[in-house]
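Residue-level structural notes
Below, each chain spelled out in residue letters.
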Amino acid sequence: MGSVNRTPQVVTIAGSDSGGGAGMQADLKTFQARHVFGMNIVVALTAQNTYGVQASLPIPTYFIDAQFQSLDADFAIKAAKTGMLADSEHVEAVVRNLQQVDFGPLIVDPVMVAKGGATLLEPEAVATIKSKLLPLADVVTPNLPEAEIIVGRPIKTNADTIAAAQTIQQFGVKNVIIKGGHRSEDDQAADYILLEDGSSFWLSAPRIATANTHGTGDTFSACIAAELAKGQPLKSAIVTAKAFLQGAISQGIFVGHGHGPTNHWAKLSDKVRMSETR
Ligand SMILES: Nc1ncnc2c1ncn2[C@@H]1O[C@H](COP(=O)(O)OP(=O)(O)O)[C@@H](O)[C@H]1O
Ligand SMILES: Cc1ncc(COP(=O)(O)OP(=O)(O)O)c(N)n1
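Residues numbered from 1 in each chain as written. Chains lettered and ligands numbered in written order. Predicted model: local features only at pLDDT ≥ 70, side-chain atom pairs only at ≥ 80, totals over all residues. Heavy atoms only, no water.

1. Structural notes on the layout of surface pockets
Reported here for the largest pocket is a volume of approximately 810 Å³. Around the largest pocket sit 40 residues that line it, and Lys115, His182, Thr213, Thr216 and Gly217 are the ones nearest its centre. Looking at the lining of the largest pocket residue by residue, the class counts come to 13 nonpolar, 18 polar and nine charged. By volume, the second largest pocket amounts to about 200 Å³. Along the wall of the second largest pocket there are 13 residues; nearest its centre are Lys29, Ile253, Thr262, His264 and Trp265. Looking at the lining of the second largest pocket residue by residue, the class counts come to five nonpolar, seven polar and one charged. (1 Å grid on protein atoms, 1.4 Å probe; cavity = no way out; pocket = protein on both sides within 12 Å on 5 of 7 lines; lining within 4 Å. Points joined across faces, edges and corners; volume = space filled by probe spheres on them. Nonpolar A, V, L, I, M, F, W, Y, C, P; charged D, E, K, R; others polar.)

Right, here's the structure in full:
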């Protein structure tokens, strides 16, 4: 049995996107592309396509417990990420289970609203994420609207972004990445990273004019989890994730009629730039 569990193993704890572009499907495709073995704990189902979310159904929390127990009994999980967590009851169930297992570094993608406007997290659950989930997390990856909700103030400038990351770190999460994808007037897609040791940097790549950005946030956080499971240091895992995502957006595939998914087969882009200031 000496060779058992040598393959890096990663789990996504998230919602299912029937359309395959976001949610745990984007995570699993990313895991496959980055050569780690992917598993999933389903928290909610969505009926979804590239037009948006037509229906969603959180699953009973006893079944979240059952999935955690099944995976913990067998696999050597080296990193985990969360995505859509639906509501406070489901966040609490995930927190309770995470406290009982060792799944390695935890990446929290605080998914709140789909690009089409559908609610993926009840507003009441934001407080539970802040008080109970973030203290367990190694990395949190809010987009700009999510970061604004977490800190409770608008984020308009680079200085606002830096201050918001510092506020979020005070909730107990070690490392904070505020994604800049929603700042559509900017010709760069620039993300701000505040690390545990207080150092920080910006990661930028040319903004691509495309409607096919469904699942970008999921893909980004899943790639960080995959690289951490392989033993990459956090800073290089984040850079790899940005290069993977830039490739996945720029080398697009075209399916569906609305906001299409990204291309998880794409090669890493060499267009990513790191800088101390912007
Ligand atoms: N049009 C784009 N071109 C290049 N990168 C993008 C584009 N849109 C988003 N990104 C990048 O995709 C990642 C996910 O960001 P974002 O879209 O803000 O997250 P979310 O999907 O959670 O809303 C970030 O690294 C962001 O900079
Ligand atoms: C089931 C499910 N989970 C998460 C999302 C949101 O994914 P995201 O990467 O933020 O992409 P967009 O929805 O913004 O395209 C989702 N849609 N469904």
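2. Observations concerning the UniProt feature "domain: Pyridoxamine kinase/Phosphomethylpyrimidine kinase" (unreviewed entry) in the protein
With numbering aligned to this structure, UniProt lists the feature "domain: Pyridoxamine kinase/Phosphomethylpyrimidine kinase" (unreviewed entry) at residues 17-263. A distance of 16 Å separates the end C-alpha atoms of residues 17-263, which is 38% helix and 20% strand. (UniProt positions renumbered as here; feature names shortened; annotations may be inferred. Helix = DSSP H or I, 4+ residues; strand = E, 2+ residues; numbered from the N terminus.)

3. Focus on the site of ligand 1
In the vicinity of ligand 1, 16 residues are found, and the nearest of them are Asn143, Lys179, His182, Asp191 and Leu245. Here Lys115 contributes a side-chain N or O atom positioned 3.2 Å from an oxygen atom of ligand 1. The contact in question runs from an oxygen atom of ligand 1 to an N or O atom on the side chain of Asn143, over 2.8 Å. Spatially, ligand 1 is embedded in the largest pocket. Those elements giving two or more residues to the shell around ligand 1 turn out to be strand 8 (188-194), helix 7 (216-229) and helix 8 (234-250). (Near = heavy atom within 4 Å. Polar contact = N/O pair within 3.5 Å; in protein donor to acceptor, adjacent residues only side chain to side chain. Sits in = over half its atoms within 2 Å of the grid points.)

4. Observations regarding the pairing of strand 9 (residues 200-206)
Along strand 9, five of the seven residues are buried, which leaves the element largely enclosed by surrounding structure. Bridge count between strand 8 and strand 9: seven bridges; the pairing is antiparallel. If you follow Tyr192 over to strand 9, its bridge partner there is Trp202. Counted between consecutive antiparallel strands, the loop separating strand 8 from strand 9 contains five residues, among which Gly198 sits at a positive phi close to 90 degrees. (Buried < 20%, exposed > 50% of the residue type's maximum accessible area, 1.4 Å probe, protein only. Pairing = 2+ DSSP bridges.)

5. Description of unusual backbone geometry
Phi at His35 takes a positive value of approximately 65 degrees, unusual for a residue other than glycine. With respect to the secondary-structure elements, His35 resides in the loop between helix 1 (23-33) and strand 2 (37-49). The exposed category is assigned to His35, whose relative accessible area is 65%. In this structure, Ala86 is a non-glycine residue whose phi angle is positive, near 75 degrees. Under the relative-accessibility criterion, Ala86 is labelled buried at 7%.

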